Amino acid sequence: MSTARAVVNPATEEVIATVSQLDAQDTDEAVARSAAVLPAWRAVSPGDRARLLRRFAEAVDDANEELARLEVANSGHTISNARWEAGNVRDVLAYYAGAPERLFGRQIPVSGGVDFTFREPIGIVGIVVPWNFPMPIASWGFGPALAAGNTVVLKPADLTPLTAIRIGELALEAGIPEHVFQVLPGRGSVVGWRFVTNPAIGKICFTGSTDVGQKIMAGCAEQVKRVTLELGGKSANIIFADSDLEAAAASAPYAVFDNAGQDCCARSRILVQAGAYERFMELFESAVKSVRVIDPSDEQSEMGPLISAEQRAAVSCFVPDDAPVAFRGSAPEGAGFWFPPTVLAPVPLQSPAVREEIFGPVVAVLRFEDEADAIRMANDTPYGLSGSIWTRDLGRAFRVARAVETGTISVNSNSSVRYWTPFGGFKRSGIGRELGPDALEAFTELKNVFVATGS
Ligand code: NAP
Ligand code: MG
């Protein structure tokens, strides 16, 4: 029996929609429909599949403002971020629309015949999405999965299903055949877990917490099911004394407080070289205090609320009454799950704010002495997802970029995600990569065919 879930606006705490949550049987039925349409979808010619994905991209583009408004209401994202997120879905679809016609194999020299490789679709791909970036993260899975000829079942986060449901409708309107891409709202432990246990699903593409990711990986092992995991992070923003400190400080708040810190790439540790520490903190304080934490639907808003009361309680644990708060930004009073940008310093190295993912607008600032010290501190975490280096020394930039154990890192920039380039984690931040030119490989099986030509 499916149940109903009230969807809440985190900036106002008002109920904005009711969505039915599917159960395990509903999930199995959807998977059976997915299996039924798989042969026809695989057989769509590369040119036609490319055209359908381009139409899907156009439909998402036409709905940009509608999707963005829906995300502001459901997730509390700032309107400017939400427009970017809907635009990212369009871009990912358009980028992978180029793939069906370029899914090349190889011809390999062998004796006694001719040898080719093919990239075959895996079959049905199950995508499980977290609540922090409902639109982009969904598309990083379904874009390349559909392009490679798979059918897709997608479970949005229980808290944030609305944009995914709308994107599912847009796919149909754009001409993607029925049941090729199905959005299945429901609880992770029910719908998401059924993706893992249902043997008809060939691959799980999971983004979320490291704890749930470990369970999913173990569950997939039972069936040797393909799995990619994009998990947590504890990224470092490393600021050397020779850097453009004004630029580093002006940018640093957004590297951790964007999306209210609910970002797996959040640089929730800022490492500052000793000689520049006092000057950096002065500049950083004024930058943090000027972050506009207001109604996310306001065009000027730079940070909205947290997603839920539970998330606010979890983030608050990192700032107990005796926490070393250096300074804070502001946040609205009253309804909504607001939490002000908070800077902790000096922080003992063993404290949870230094060691654990926070997933909220809280950052720990730490001092380092030299390059070796910075690298050692940056790597002193089980995670390895993202990070930044600020320096004017090109040699140092490359040395440190190579030495930090992380899937992506930027120099003199805090950007993490570009749809043209690979994204994913070292260590406990995940397995596999999304986006970029190689993502298709994770949604295909490599087949080798040998044809004997006789002697
Ligand atoms: P989560 O609790 O792990 O949930 C992620 C998704 O998994 C949700 O859809 C959830 O469903 C589902 N789920 C929960 N238990 C499940 C189970 N037993 N089997 C199958 N699916 C299950 O993570 P979250 O709290 O939504 O998101 C925060 C975490 O995601 C953070 O740790 C963050 O770092 C990580 N994250 C990583 C990336 C990345 O790319 N590396 C990106 C974004 C977020 P429900 O909605 O019912 O809980
Ligand atoms: Mg969770």
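Nothing here was measured: the structure is a model prediction, and the numbers come from that model. (Residues numbered from 1 in each chain as written. Chains lettered and ligands numbered in written order. Predicted model: local features only at pLDDT ≥ 70, side-chain atom pairs only at ≥ 80, totals over all residues. Heavy atoms only, no water.)

So, on to the nonpolar core. By size, the foremost hydrophobic cluster in this structure holds 56 residues, and its most contacted members are Ile238, Ile270, Phe280, Met281, Phe284, Val343 and Val365. Discounting residues that sit within four places of it in the chain, isoleucine 270 has contacts with Asn237, Ile239, Ala252, Phe280, Phe284, Val363, Ala364, Val365 and Leu366. One finds Val60, Phe133, Ile137 and Leu440 within the second-largest nonpolar core, a separate group that totals 52 residues. (Core = buried A, V, L, I, M, F, W, Y, C linked by side-chain atoms within 4.5 Å. Buried < 20%, exposed > 50% of the residue type's maximum accessible area, 1.4 Å probe, protein only. Contact = heavy atoms within 4.5 Å.)

Looking now at a nonpolar patch on the surface. A contiguous nonpolar patch, built from Val114, Phe116, Phe118 and Val451 and spanning about 300 Å² of accessible area, is present on the exposed surface. With three residues, strand β4 (residues 113–121) is the single largest residue contributor to the nonpolar patch. Relative to the elements of secondary structure, phenylalanine 116 occurs in strand β4. (Patch = residues over 30% accessible without salt bridge, like charges linked within 9 Å, V, L, I, M, F, W, Y side chains within 5 Å. Areas by Shrake-Rupley, 256 points an atom, 1.4 Å probe, with all protein chains shown as cover. Salt bridge = Lys/Arg side-chain N within 4 Å of Asp/Glu carboxyl O. Helix = DSSP H or I, 4+ residues; strand = E, 2+ residues; numbered from the N terminus.)

Each α-helix turn comprises 3.6 residues. Residues three or four places apart therefore point the same way. Given a rise of 1.5 Å per residue, 13 residues ought to cover 18 Å, and the 19 Å separating the end C-alpha atoms of helix α9 (residues 245–257) matches this to within 8%. By the largest-angle criterion, serine 251 marks the main kink of α9, which is about 30 degrees, and a proline, proline 253, follows within four residues. Taken residue by residue, α9 has Leu245, Ala248, Ala249, Ala252, Pro253, Ala255, Val256 and Phe257 as its buried positions. Of the surrounding secondary structure, the elements contacted by the buried residues of α9 are β10 (236–239), β11 (269–273), α10 (277–289), β13 (342–344), β14 (362–368) and β16 (387–390). Count one or two residues on from α9 and you reach asparagine 259, which has phi positive near 55 degrees. (Expected span 1.5 Å × (residues − 1). Bend = angle between axes of the 7 residues up to and from the residue.)

Within this structure, the stated rule accounts for 12 aromatic pairs. Taking 4.9 Å as the distance between ring centres and 85 degrees as the angle between the ring planes, the aromatic pair formed by tyrosine 95 and tyrosine 96 counts as edge-to-face. Classification of tyrosine 95 by relative accessible area gives partly exposed; the value is 28%. Relative to phenylalanine 118, the ring of phenylalanine 116 lies with its centre 6.3 Å away and its plane at 50 degrees, an arrangement referred to as tilted. Above the plane of the ring of tryptophan 41 lies arginine 49, whose end atom (NZ or CZ) is 5.7 Å from the centre. (Phe/Tyr/Trp six-rings, centres within 6.5 Å; stacked < 30°, edge-to-face > 60°. Lys NZ or Arg CZ within 6 Å of the ring centre and 35° of its normal.)

We now examine empty space enclosed by the protein. Any empty space left between the atoms is revealed when a probe the size of a water molecule rolls over them. Here the structure, examined in full by the defined rule, presents three cavities of 30 Å³ or more. Reported here for the largest cavity is a volume of approximately 90 Å³. Along its surface, the largest cavity is lined by 19 residues, and Ala236, Ala378, Ser386, Val404 and Thr406 are the ones closest to its centre. Counting only elements with at least two residues in the lining of the largest cavity, the list comes to β10, β15 (383–384) and β16. In the lining of the largest cavity, the residues fall into seven nonpolar, eight polar and four charged. (1 Å grid on protein atoms, 1.4 Å probe; cavity = no way out; pocket = protein on both sides within 12 Å on 5 of 7 lines; lining within 4 Å. Points joined across faces, edges and corners; volume = space filled by probe spheres on them. Nonpolar A, V, L, I, M, F, W, Y, C, P; charged D, E, K, R; others polar.)

What follows deals with the layout of surface pockets. In this structure, the largest pocket occupies an estimated 690 Å³ of space. If you go around the largest pocket, you meet 27 residues; those closest to its centre are Pro130, Phe206, Gly208, Ser209 and Val212. If you list the elements that add at least two residues to the lining of the largest pocket, you get α7 (188–197), β8 (201–207) and α8 (210–223). Grouping the constituent residues of the lining of the largest pocket by class yields 12 nonpolar, nine polar and six charged. Residues lining the lining of the largest pocket come from more than one domain, with at least three contributed by each of domain 1 (3–231 + 429–452) and domain 2 (236–417). Quantified by volume, the second largest pocket comes out at close to 500 Å³. Residues of the lining of the second largest pocket, tallied by class, amount to 14 nonpolar, six polar and six charged. Of the domains in this structure, domain 1 (3–231 + 429–452) and domain 2 (236–417) are the two that each give at least three residues to the lining of the second largest pocket. (Domains from an automatic or database assignment.)

Near ligand 1 there are 28 residues, and of these Val129, Asp158, Ser209, Leu231 and Glu357 occur at the shortest range. Protein contacts shield 86% of the accessible area of ligand 1, which totals 900 Å² for the unbound molecule. Within the residue set of the shell around ligand 1, elements represented by two or more residues are α7, β8 and α8. A per-element tally of the shell around ligand 1 places α7 first, with four residues. Of the residues assigned to the shell around ligand 1, the class counts are 15 nonpolar, eight polar and five charged. When residues are assigned to domains, the shell around ligand 1 turns out to be shared by domain 1 (3–231 + 429–452) and domain 2 (236–417), each giving three or more. (Near = heavy atom within 4 Å.)

All right, on to the packing of α7 against α8 then. Where α7 meets α8, the axes come as close as 8 Å, and the angle between the chain directions of the two elements is 35 degrees. Note on element contacts: α8 touches α7 through Lys215, Ile216, Gly219, Cys220 and Gln223, opposite Trp193, Val196 and Thr197. For the contact of α7 with α8, the residue count by class is four nonpolar, three polar and one charged. (Axes fitted to C-alpha atoms, helices over the stretch in contact; angles between N-to-C directions.)

What follows deals with the packing of helix α2 (residues 46–62) against helix α5 (residues 134–147). In the contact formed by α2 and α5, the axes pass within 10 Å of each other and the chain directions differ by 155 degrees. With respect to α5, the element α2 is oriented roughly antiparallel. Along its contact with α2, which presents Arg49, Leu53 and Phe56, the element α5 presents Phe142, Leu146 and Ala147. A per-class count over the contact of α2 with α5 returns five nonpolar, no polar and one charged. (Parallel < 35°, antiparallel > 145°, perpendicular 65-115°, else oblique.)

What the domain assignment lists for the protein chain is domain 1 (3–231 + 429–452) and domain 2 (236–417). The distance between the C-alpha centroids of domain 1 and domain 2 comes to 30 Å. Contacts between domain 1 and domain 2 engage 27 residues on the former and 28 residues on the latter. The junction of domain 1 with domain 2 conceals about 2,200 Å² of combined surface from both sides, 59% of it contributed by carbon and sulfur atoms. Taken together, domain 1 and domain 2 are joined by two salt bridges. Our count for the domain 1 to domain 2 interface comes out at nine residue pairs in polar contact (both at pLDDT 80 or more). Sorting the residues of the side of domain 1 that touches domain 2 by element identifies α3 (64–75) and α4 (79–96) as the ones contributing at least two each. In the side of domain 1 that touches domain 2, the residues fall into 10 nonpolar, 12 polar and five charged. (Buried area = accessible area lost by both parts, 1.4 Å probe. Polar contact = N/O pair within 3.5 Å; in protein donor to acceptor, adjacent residues only side chain to side chain.)

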